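Coordinates in review
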Amino acid sequence: MIRVFKHYVPHGVLLLGLLDFALLLIAAEAGWQVRAWQLGLAGEPIHTRLPQILSFAVPLEIAMVAVGAYGPGAIQSLRYATARLLVAVSLGVIFLSLMFFLVPAITFWRSNLFFAMLTAIAALIALRALFGSFIGGEALRRRVVVLGAGPRAARIGALAQASGANFVVAGYVAMGSPVVTVPGAVPRDAIDNLARHVEKLGAAEVVLAIEERRNALPLQDLLRIKTTGVHVCELSSFLERETGRVDLQSVNPSWLIFSDGFSSGRFLSGLSKRAFDVVASLLLLTLALPVILVTALLIKLESPGPAFYRQRRVGLYNQPFDIPKLRSMRQDAEVAGTAIWAAEGDPRVTRIGRFIRKVRIDELPQCWSVLRGEMSFVGPRPERPQFVADLERDLPYYAERHMVKPGITGWAQINYPYGASVEDSRHKLEYDLYYAKNYSPFLDLLILLQTLRVVLWPEGAR
C-alpha cells in the first residue's frame, strides 16, 4: 500500500486509477481526432487542446472515485464495475456539459464529447476485462509472514481470505504461544535463522501477532528482520492500515498515545476546513432551499405535526447542541421523549420519510448547524445524549470521538451501513477513531466524493 496524506491506497487501486486516467486522456484526444477527420480539419499540435483534454479526463476520474469504481466489488466483478463506470461517465458528462456552458474557453464540441464518451466507456470496460484478474489478483498483493499462531494470527488469516484483501500470508511462525489455532504454523525452535526464513518466503512484511507481549517480545529476531530491509509491523497498526479502522479488540491506550496521528487541530487544516464549511453550507442551503420547502410541504400533507424538528445531540468536547431535521417519522414516534433505536422497516417512518432518508434529504437542514460552527460537513455523526451515556459505559474510547467536531457525513457513514445497536456503534466507532487519527483535507475530500455513492446506492438507510 502507498500512503497518500496519511491515508493508505492499495497498489492495485493506484495502478488502475493511473491507467484509467491515461485512457480518459486518450479517449478525449480520440474524440477530437474523429470529429476533425469527419469535418476534414487539418491536424493541430496536441498541446493546443490540452485544457480541453484535461477538462474531460479530470472530472470523469473524480466521478469514478465518487461512485465507488475503485472499491473491492468493482475490482473483483466486471458486471459490478461496468454498472459503476456507466454511472460515473454519465454523471461526468452531465457535469462537463454544465462546465462547458459556463466556461466556453475549454469547451469540446458536443460531437467531440459524444465520441470521447463512447471511447472512454469501451476502453475502461476493456481494461477491467483484460487486466482485472491481474489487478485484483495476488500479483500485486504484499507477502506477509505472521509471528504468532493464536487467535490474533488467525484474524490476519481470515482478513487475507476476505474479498479485496491487499496481502497474502506467506507463513506463520509459532513463537512459543501456549495456544496454537493456526494449522501449518512452523515452531520458532525449528527455524535456525528467522530473518533468512522470512527472506526465503519472499515476504515484504512481518506482522507481530503474539498473544502475550509482556516480557515476551522477540527483540533480537525483530531487529535482525528489520535490518534486512523487511518492514516490521505490530497487529494494531497492521489492522488499521488494512481495514481503514482502529481495531478495538487489539488496540491499547499506549498505542493510541504514541502512534502517529490525531493532528486534526493544526491551525492551517482547521482554518481551511472551517472556510470550506462556511462556503459550502451557504451554497448548499441556497441551492437546496426549494427541495427543503417542497419536502416540508409533502410531510405536512402526509401526517400531522411540524415538518421540521430539533433534536439534541452531543458535539465537540461533549457539548450538547440541537440539530434541525426534516421530520421522517410520525409525530408520536417517541413517547415522553424516550430515545429509541431506529429499526429496519421501522413502522414509525412515514412514506415520505422513508424516501427522504434513503436520499439523505432529511439531513439538508443540518447545513445550518454547519454554518453556525456546531458541525462540519465531514466528521463523526453526532449521537443523542441518551445513547452516548450508554455507549461510553459499554464501549472503550467512545468519549474520544467527541474530540473531533461532528459532521453530516463521515468515514463510518461511507464504509459501514446504517446501524442501530451497540455492536453497530462499536464498528462505527472504529471508523470514527480512524478518521480522528488520520484526518487530512485529502481524507475529507475522499469522504465527500464517496458520499455520492452512498446516496446513489443506499445501504441500510432507516
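In this report, the structure presented in the accompanying data block is examined. (Residues numbered from 1 in each chain as written. Predicted model: local features only at pLDDT ≥ 70, side-chain atom pairs only at ≥ 80, totals over all residues. Heavy atoms only, no water.)

Our next topic: the overall build of the chain. Counting its regular elements, the chain contains 17 helices and 11 strands. Its C-alpha atoms give the chain principal-axis dimensions of roughly 75 × 70 × 40 Å. Considering the chain as a whole, with its 462 residues, one finds that 48% of them fall into the buried category. Long-range contacts, defined as pairs at least 24 residues apart, comprise 74% of the intrachain contacts of the chain with a sequence gap of at least 6. Looking at charge distribution, the chain has the averaged site of its 49 positive side-chain charges lying 4 Å from that of its 38 negative ones. (Helix = DSSP H or I, 4+ residues; strand = E, 2+ residues; numbered from the N terminus. Buried < 20%, exposed > 50% of the residue type's maximum accessible area, 1.4 Å probe, protein only. Contact = heavy atoms within 4.5 Å. Lys, Arg positive; Asp, Glu negative; His and termini not counted. Charge placed at Lys NZ, Arg CZ, Asp CG, Glu CD.)

Quick look at the packing of aromatic side chains now. Between two aromatic rings, the relevant description is the distance of the centres plus the angle of the planes. If you walk through the whole model with that rule in mind, you get 5 aromatic pairs. Note on phenylalanine 167 and phenylalanine 238: the rings are 5.0 Å apart at their centroids and 75 degrees apart in plane angle, and the pair reads as edge-to-face. Of this pair, phenylalanine 167 sits in strand 4 (residues 167–174) while phenylalanine 238 sits in helix 9 (residues 235–243), and the two are 71 residues apart along the sequence. Judged by its relative accessible area of 1%, phenylalanine 167 falls in the buried class. (Phe/Tyr/Trp six-rings, centres within 6.5 Å; stacked < 30°, edge-to-face > 60°.)

Once that is clear, we can look at the environment of leucine 25. Of note, leucine 25 is situated in helix 1 (residues 11–39). Between the alpha carbons of leucine 25 and tryptophan 255 there is a distance of 44 Å; along the sequence they are 230 residues apart. With residues up to four places along the chain from it excluded, the contact list for leucine 25 reads Ile53, Leu54 and Ala57.

On to the packing of helix 16 (residues 422–438) against helix 17 (residues 441–456), then. Taken N-terminus to C-terminus, the directions of helix 16 and helix 17 make an angle of 140 degrees; their axes are 9 Å apart at the nearest point. It follows that helix 16 is oblique to helix 17 by the angle criterion. Together, Tyr434, Tyr435 and Asn438 of helix 16 and Leu443, Asp444 and Ile447 of helix 17 make up the contact between the two elements. For the contact of helix 16 with helix 17, the per-class residue count stands at 4 nonpolar, 1 polar and 1 charged. (Axes fitted to C-alpha atoms, helices over the stretch in contact; angles between N-to-C directions. Parallel < 35°, antiparallel > 145°, perpendicular 65-115°, else oblique. Nonpolar A, V, L, I, M, F, W, Y, C, P; charged D, E, K, R; others polar.)

Attention now moves to the sheet that holds strand 7 (residues 231–234). Taken in spatial order, the 5 strands make up an open sheet running 5-4-3-6-7, and their pairing is parallel. The outermost strands of the open sheet, each flanked by one partner alone, are strand 5 (186–187) and strand 7. Here strand 3 (residues 142–147) runs beside strand 4; their pairing, made up of 6 bridges, is parallel. Paired with arginine 142 across the strands is phenylalanine 167, a residue of strand 4. Across the face of the sheet, helix 6 (residues 151–161) comes into contact with strand 3, strand 4 and strand 6 (205–208) while running at roughly 160 degrees to strand 4. Against the sheet, helix 9 contacts strand 3, strand 4, strand 6 and strand 7, and its axis sits at roughly 95 degrees relative to strand 7. (Pairing = 2+ DSSP bridges.)

Here we take up helix 4 (residues 78–102). The end-to-end C-alpha distance of helix 4 is 36 Å, a good match for the 36 Å that 25 residues give at a rise of 1.5 Å each. Those residues of helix 4 that fall on the buried side of the exposure criterion are Ala81, Arg84, Leu85, Ala88, Val89, Gly92, Val93, Leu96, Met99 and Phe100. Capping the start of helix 4, serine 77 holds a side-chain oxygen 3.5 Å from the backbone nitrogen of arginine 79, two or three residues further along. (Expected span 1.5 Å × (residues − 1). Polar contact = N/O pair within 3.5 Å; in protein donor to acceptor, adjacent residues only side chain to side chain.)

Turning our eyes to something else, we now look at the packing of helix 2 (residues 50–66) against helix 17. Between helix 2 and helix 17, the shortest axis-to-axis distance is 7 Å and the interhelical angle comes to 70 degrees. With respect to helix 17, the axis of helix 2 lies roughly perpendicular. Here Ile62, Val65 and Ala66 of helix 2 come into contact with helix 17, specifically with Leu446, Leu449, Gln450, Leu452 and Arg453.

The next subject is the pairing of strand 8 (residues 308–314). Across 7 bridges, strand 8 lies against strand 9 (residues 320–326) in antiparallel orientation. Bridge pairing in strand 9 places tyrosine 309 opposite lysine 325. Linking two consecutive strands that pair antiparallel, namely strand 8 and strand 9, is a turn of 5 residues; a positive phi of about 60 degrees is found at tyrosine 317 within it.

Further remarks concern the nonpolar core. Val246, Val251, Phe377, Trp411, Tyr435, Leu443 and Ile447 are the most contacted members of the largest nonpolar core, which totals 37 residues. Every element with two or more residues in this core is listed here: helix 10 (253–258), strand 9, helix 13 (367–372), strand 10 (376–378), helix 14 (385–394), helix 15 (411–415), helix 16 and helix 17. Looking at this core, the element that brings in the most residues is helix 16, giving 6 residues. Discounting chain neighbours no more than four positions away, the residues touching tyrosine 435 are Lys273, Val378, Gly379, Pro380, Val404, Trp411, Leu443, Asp444 and Ile447. Ala28, Ala69, Leu85 and Leu113 belong to the second largest nonpolar core, which has 31 residues in total. (Core = buried A, V, L, I, M, F, W, Y, C linked by side-chain atoms within 4.5 Å.)

Before going further, it helps to spend a moment on unusual backbone geometry. The residue tyrosine 317 is not glycine, and still its phi comes out positive at about 60 degrees. For tyrosine 317, the location among the structural elements is in the loop between strand 8 and strand 9. The exposure class of tyrosine 317 is exposed, given its relative accessible area of 54%.

The next point concerns helix 8 (residues 219–227). Along helix 8, the residues that are buried comprise Asp221, Leu222 and Ile225. Looking straight down helix 8, one finds that the buried residues subtend no more than 95 degrees of arc, so they occupy a single side. Those residues of helix 8 that are exposed and aimed more than 90 degrees away from the buried face are Leu219, Leu223 and Thr227. Its buried side turned inward, helix 8 meets strand 3, helix 7 (194–200), strand 6 and strand 7. Of the residues trailing helix 8, glycine 229 is marked for its positive phi of about 100 degrees. (Arc of directions from axis to C-beta.)

All quantities given are derived from atomic positions and should not be read as evidence of function.
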